[in-house]
Amino acid sequence: MMKSGTVAVIGRANAGKSTLVNVLVGEKVAIVSPKPQTTRDRILGILNTEGAQIVFADTPGIYKSKTALSDRMMRTAESSAKDVDVILFVHDGHKGVSDEDVSLMRHYRSFGIPMLIAYTKTDIMPAENIPADAKKLFEEGIDCDVVPVSARRGRNIGKLRDAIVELLPEGEPLFPDNVLSDKSEKFMIAEIMREKILLQYDKEIPHGVAVLVNTFRKREEGNIYDVDLDIICEKANHKAIIIGKQGSALKETLSRARKSMESFLGSKVFLTAYVKVKDDWRDKANLLKEYGYDEGNLQ
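Bear in mind the structure is a predicted one, so any value in this text is a computation, not a measurement.

Asker: Help me understand the environment of Val269, please; the structure alone is not making it clear to me.
Answerer: Tracing the backbone through its elements, the reader meets Val269 in strand β9 (residues 268-277). When the C-alpha positions of Val269 and Asp226 are compared, they lie 6.0 Å apart, and in sequence the two are 43 residues distant. Contact partners of Val269, with chain neighbours within four places excluded, come to Tyr225, Val227, Arg258, Met261 and Glu262.

Structure follows, in structure tokens:
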């Protein structure tokens, strides 16, 4: 009998959850940037191995909420961890272990669901810190396995995968074996655009951006997609920064996005985009719904 089940990937903002999920699945199913709040939705990434199917639920990073959008993101992370077979708590190892970290782990441990700790970013920290932190967690009563990993270097990924499979229940696959994610290509095109904005711009601007895909269509002849989208920002001066002098910043961002879209789709992409201002959209329920961030879509 094979093993099959769902794994909630939980942790603080910027702990490396999406990078880890992409490495575990072996394909890009979630966008990645060094900025907190990169992941806004719960995204499923599906790994099929011999004798097991693991369905990873990548969730928004845990941080102090400041807008209606981030309120919803925090509720998504919390609810995602309550109806799964395993909780994979991703902890940024190079930041050490604080009392707040221990408290957060205890909170998720209290759900009564088998839990593992992926202790990440071991490639950028002293190796001697790892056993000291593992000892601290044990002394604090965090009674679950701690697996030190480096997603960037691929270190201990196989060991983590095996530890997850060990905790999964026996059962039939939840998805066909050719499915990598529950998200559509159109969703991923919007996320790729948002990823490039996160990487290109500083400070608050990328966090106040939404991407609305108006057209996502494959031409009848030729391996070509037409993509037309709106980049929504919160303030007029943000629009000016996104566009840049004589449109230079936007042109560069769109060029990078188009190349990533072509790689993702395996097709040529004709991309057009318009930058629009919607004041404080992250706090307006009607706009959150229009841009795909209503409660139903985030669950």
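Asker: Can you walk me through helix α1 (residues 17-25) in this structure?
Answerer: Within an α-helix, residues lying three or four positions from one another point in the same direction, as the helix has 3.6 residues per turn. By the criterion of burial, α1 is predominantly enclosed, with 7 of the 9 residues buried. Along α1, the residues that are buried comprise Lys17, Ser18, Leu20, Val21, Asn22, Leu24 and Val25.

Asker: What am I meant to see in the pattern of salt bridges here?
Answerer: It is possible for side chains bearing opposite charge to pair when their charged atoms get close. All chains considered together, the criterion is met by 15 salt bridges. Between Arg12 and Asp101 there is a salt bridge, with the nearest N and O atoms lying 2.8 Å from each other. In this pair, Arg12 is assigned in the loop between β1 (3-11) and α1 and Asp101 in helix α3 (residues 99-109), connecting sequence segments 89 residues apart. Overall, the relative accessible area of 27% leaves Arg12 in the partly exposed class. Of the charged contacts, one joins Glu195 and Lys196 as a salt bridge, the two residues approaching to 3.5 Å between their closest N and O atoms. Among the residues examined, Glu195 registers a relative accessible area of 4% and is labelled buried. Overall, Lys196 belongs to the buried group, its relative accessible area being 14%. One connected set of salt bridges, linked through shared partners, spans Arg12, Glu100 and Asp101.

Asker: What should I look at first to understand the pairing of strand β5 (residues 115-120) in this one?
Answerer: β5 sits mainly inside the fold: 6 of its 6 residues count as buried. Where strand β4 (residues 86-92) and β5 come together, 6 bridges link them in parallel fashion. Across the sheet, residue Ile87 finds its bridge partner in β5, namely Met115. Crossover handedness for the path β4 to α3 to β5: right-handed. By the bridge criterion, 3 bridges tie β5 to strand β6 (residues 146-148) in an arrangement that is parallel. Pairing of Ala118 across the sheet is with Val147, part of β6. Read as a crossover between parallel neighbours, the route from β5 over helix α4 (residues 129-139) to β6 is right-handed.

Cut-offs and rules
Sequence order sets the numbering: in each chain, residues are counted from 1 along the sequence as written. Owing to the predicted nature of the model, reporting of local features is limited to residues with pLDDT of at least 70; listing and counting of side-chain atom pairs is limited to 80 or more, with chain, interface and lining totals taken over all residues. Hydrogens and water are ignored here; the side-chain numbers use all heavy atoms of the structure. A run of H or I in DSSP becomes a helix once it reaches four residues, and a run of E becomes a strand once it reaches two; helices and strands are each numbered from the N terminus. When checking whether two residues touch, look at their non-hydrogen atoms; a contact exists if any pair is within 4.5 Å. Exposure categories follow from relative accessible area, calculated using a 1.4 Å probe and restricted to protein chains: below 20% of the type maximum is buried, above 50% is exposed, and the middle band is partly exposed. When a carboxyl oxygen of Asp or Glu is within 4 Å of a side-chain nitrogen of Lys or Arg, the pair counts as a salt bridge. One requirement defines pairing of two strands: DSSP has to find at least two bridges between them. Note on handedness: a clockwise path from strand one over the helix to strand two, with the strands aimed away from the viewer, defines a right-handed crossover.

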